[in-house]
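The lines below spell out each chain.
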Amino acid sequence: MAASAQAAAASREAPTKAQALREAGFAALVMLGLSVPIVALRTEQNMENQLVLAPRYGMVLLACIGVFLARYIQVMFVNGLTRTLLIVGSFTLLGGVARATGQALDGFSVGVFVIGAALIAAGFAWQKRVDAQAGAPAAPAFLERFSAIQPYVGPAALGFIAVYPALALWLTGTGGSIKWIDNFGIQILIYIMLGWGLNIVVGLAGLLDLGYVAFYAVGAYSYALLATKVIPEVFPTLGVWSFWICLPISGILAALWGILLGFPVLRLRGDYLAIVTLAFGEIIRLVLINWVEFSNGYAGISTIPRPSFFGIPFNASDTGFAAVFGLEFSPIYRTIFLYYVILCLALLTAFVTLRLRRLPVGRAWEALREDEIACRSLGINTTNTKLTAFALGAMFGGFAGCFFAARQGFISPESFTFIESAQVLAIVVLGGTGSLVGVVIASIALVGGFEILRELDFLKLIFGESFDPTQYRTLLFGLAMVLIMLWKPRGLVSTREPTAFLKESKSVSGSLVKEGHG
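Residues numbered from 1 in each chain as written. Predicted model: local features only at pLDDT ≥ 70, side-chain atom pairs only at ≥ 80, totals over all residues. Heavy atoms only, no water.

This brings us to the overall build of the protein chain. Counting its secondary structure elements, the protein chain contains 19 helices and 4 strands. Counting every position in the protein chain, which comprises 518 residues, the buried fraction comes to 41%. Pairs at least 24 apart in sequence give 68% of the contacts found in the protein chain among residues at least 6 apart. Summed over its atoms, the accessible surface of the protein chain is roughly 27300 Å², and 68% of this surface lies on carbon and sulfur atoms. (Helix = DSSP H or I, 4+ residues; strand = E, 2+ residues; numbered from the N terminus. Buried < 20%, exposed > 50% of the residue type's maximum accessible area, 1.4 Å probe, protein only. Contact = heavy atoms within 4.5 Å. Areas by Shrake-Rupley, 256 points an atom, 1.4 Å probe, with all protein chains shown as cover.)

Given below as C-alpha cells:
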C-alpha cells in the first residue's frame, strides 16, 4: 500500500507528456465548444444599416491554441513562476500573431514577438534553475554562471534605457515613435520616480502614506502658478521663470508640505496614519477644485511653459531647436528631450536614495520601520526621522509633479485623484517595499502593461472596438495585489542588501574582532 501511494504521488508530481497533451486537448475542445457560439460570429452593421454576421474563426483558433498551451504548461510544470512566465510569454506571442495577421508586420509586432520570446526563455531558464537546485551536482554550475553575468545586468539595463528612443525610432518610425517614447517611456519613468519617492516613506521608514498624490499636485501647481500667474503678475520685473528655475522651488515647496503633514501624524501608526494621509490628499484636491481664484478650479491651468534646451525652444520658429541645428521640424525632438530629462531626474532620485540608506538617517529609517519602540530605546529621535522621511519623499514627488506640468502644458485637479496614490502605492508594494529594482519592474508591468494592452487588436476583436483596458485598472490592481500577496508576500524583489555588515575577522592582540563596515 505504501509503495503504491508513493508511486501515485510520484506520478502526480511528474506527469508525462501524454497526460499533459490529453489534458490540454480536452481543455481546447471545451474552449472550442464555448467560443463557437460566442466568438466565432459577431453582428455588425453594414453600409445599408443591416445587421450581418461577421465570421471570426481566426479568433476561435487563437483562443483554442492559447487554452491548449496554458493547460499544457499548467500540467507539465509545477513551479509557479515558471508557469507564469511561460503562459504570459505564450499569450504575448499569440497577441503578436493576431496583430501581424490583421495588418502588415510592423515594428510593434516585432517588439511583441521579442517580448514573448524573452518571457518564454526566462521561464525555461527559471525551470532549469529549479531543476538544478533539486539536483545537487548541477546547482553550483548554474549559480556560477548566474553570478558571472549578474554584475552586467545593471549596466545592460541602463544602456537599454539610454538607447530606448533610438530603438523606438528605428522600429516604429518618426510618427509612431512619439507614442512609444511619450506614453510608454516617459510615463513609466514618471511612475518609477514617484515609486522611488514613496519608497522612502513606505519602504524604508515604514510609514503608510495613502495621500502621496498631494505632493505630486503641489509640485505641478507650484510650477504652473509660478510660471503663469505669480511671477508675471506680482513680480513682472523678474520676467517669466523657466522650468529649470521652478524645478528646485517645486521640490522645496513639496518638502515643506511633507513636513506640515508629518507633524500631525507623529503619534499615529498603521491604519490611523493611512486614514490621515488619505484625508490630506483629498483636502489638497478639494482645495484646488474650490479655490477658483487661486487654482482656476476644474478649468485648470493652461499655457504652462515647456522646458527648453539651454534656452533654445522646441518650436517651428527660426530660433527653434530644429532651425538652429539645421533639422526638419518635428515634435519628436521635444519628446526625446523630455525623456532624457525625466530619466536624469529618476536616476538622481535613485542615487540620493542609495546614498541616504548608507547614512545614519537611512539606518534610522530602517530601524523605525522594524520597531519604533526599540528605535526610541536606542536614543534615535523618531520625530526628526519621520519628518525627514516625509520631507524627502515629498520633495521627489514635487520634482515629478513639476515635470508632469511641463510635459503636459495643462493641469487640473482631475489629474491628482486617489487612484494615482493607489497606483504608486501598488507599484511600491508589488515591487517589494525597500527595493529600487522592484519598483522598476512593477512600474513596467503596471504602467507599461496598460499601454501594451491598448495595442493588442485581438482584444478589441473579442470584446468590441470600445474595449478599453484602463477601465479595469482598479480591478487589475486588486487582482495583482492578491496574487502577489499569495505568491510573494514581500513583493517581487523581497531580498534586500544590508546597509551595514561585518567583514572578515582580524586578529588584534591575540583576540578575534570583527571589522565593521557600512
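Another aspect to go through is empty space enclosed by the protein. Empty space left among the atoms is revealed by rolling a probe the size of a water molecule over them. Taken as a whole, this structure holds 3 cavities of 30 Å³ or more when the rule is applied. Reported here for the largest cavity is a volume of approximately 50 Å³. Lining the largest cavity, in full, are Phe314, Asn315, Phe321, Ala322, Phe329, Ser330, Pro331, Tyr333 and Arg334. When its residues are assigned to classes, the lining of the largest cavity shows 6 nonpolar, 2 polar and 1 charged. (1 Å grid on protein atoms, 1.4 Å probe; cavity = no way out; pocket = protein on both sides within 12 Å on 5 of 7 lines; lining within 4 Å. Points joined across faces, edges and corners; volume = space filled by probe spheres on them. Nonpolar A, V, L, I, M, F, W, Y, C, P; charged D, E, K, R; others polar.)

So, on to the pattern of salt bridges. Counting across every chain of the model gives 7 salt bridges. A salt bridge links Glu370 to Arg369, with the shortest nitrogen-to-oxygen separation between them at 3.1 Å. Here the residues in one salt-bridge network are Glu372, Arg376 and Lys386, joined through shared partners. (Salt bridge = Lys/Arg side-chain N within 4 Å of Asp/Glu carboxyl O.)

Time to look at a nonpolar patch on the surface. A surface patch of nonpolar side chains, amounting to about 510 Å² of accessible area, comprises Phe160, Val163, Leu167, Trp170 and Leu171. One can find Leu167 in helix H6 (residues 139-204). (Patch = residues over 30% accessible without salt bridge, like charges linked within 9 Å, V, L, I, M, F, W, Y side chains within 5 Å.)

The biggest cluster of nonpolar side chains holds 92 residues, and the ones touching the most others in it are Tyr223, Phe403, Ile411 and Phe416. Counting residues per element, this core draws most heavily on H6, at 19 residues. (Core = buried A, V, L, I, M, F, W, Y, C linked by side-chain atoms within 4.5 Å.)

Moving on, we come to the packing of aromatic side chains. Describing an aromatic ring pair means giving the distance of the ring centres and the angle of the ring planes. According to the stated counting rule, one finds 22 aromatic pairs in the structure shown. Pairing Tyr223 with Phe243 gives two aromatic rings, centres 5.8 Å apart and planes at 85°, and the pair type is edge-to-face. Of this pair, Tyr223 sits in helix H7 (residues 213-234) while Phe243 sits in helix H8 (residues 243-262), and the two are 20 residues apart along the sequence. Of the two residues examined, Tyr223 and Phe243, each falls in the buried class. Aromatic side chains Phe404 and Phe416 sit 5.9 Å apart centroid to centroid with 75° between the ring planes, which places their arrangement in the edge-to-face category. Of this pair, Phe404 sits in helix H15 (residues 382-408) while Phe416 sits in the loop between H15 and helix H16 (418-431), placing them 12 residues apart in sequence. Assigned by exposure class, Phe404 and Phe416 land together as buried. (Phe/Tyr/Trp six-rings, centres within 6.5 Å; stacked < 30°, edge-to-face > 60°.)

Let's shift gears to unusual backbone geometry. Backbone geometry at Asn296 places phi at a positive 70°, although glycine is not the residue there. Relative to the assigned elements, Asn296 resides in the loop between helix H10 (292-295) and helix H11 (321-324). When its relative accessible area of 37% is taken as the criterion, Asn296 is described as partly exposed. In this structure, Thr303 is a non-glycine residue whose phi angle is positive, near 50°. Mapped onto the elements of the fold, Thr303 is located in the loop between H10 and H11. Under the relative-accessibility criterion, Thr303 is labelled exposed at 68%.

Another point: the confidence of the model for the protein chain. Averaged over the protein chain, the pLDDT score is 78; the fraction of residues at 70 or greater is 81%. This model gives residues 1-12 a pLDDT under 50, and the stretch forms 1 contact once residues within four places in sequence are excluded. Contacts of residues 509-518 to residues separated by more than four positions or lying in other chains number 22 contacts, the stretch itself having pLDDT below 50. (pLDDT = per-residue confidence, 0-100.)

As a further point, take H8. Side chains of residues three or four places apart in an α-helix project in the same direction, reflecting 3.6 residues per turn. Compared with the 28 Å implied by 1.5 Å per residue over 20 residues, the 28 Å span of H8 between its first and last C-alpha is a close match. Among the residues of H8, Phe243, Cys246, Leu247, Ser250, Gly251, Ala254, Ala255, Gly258, Leu261 and Gly262 are the ones counted as buried. (Expected span 1.5 Å × (residues − 1).)

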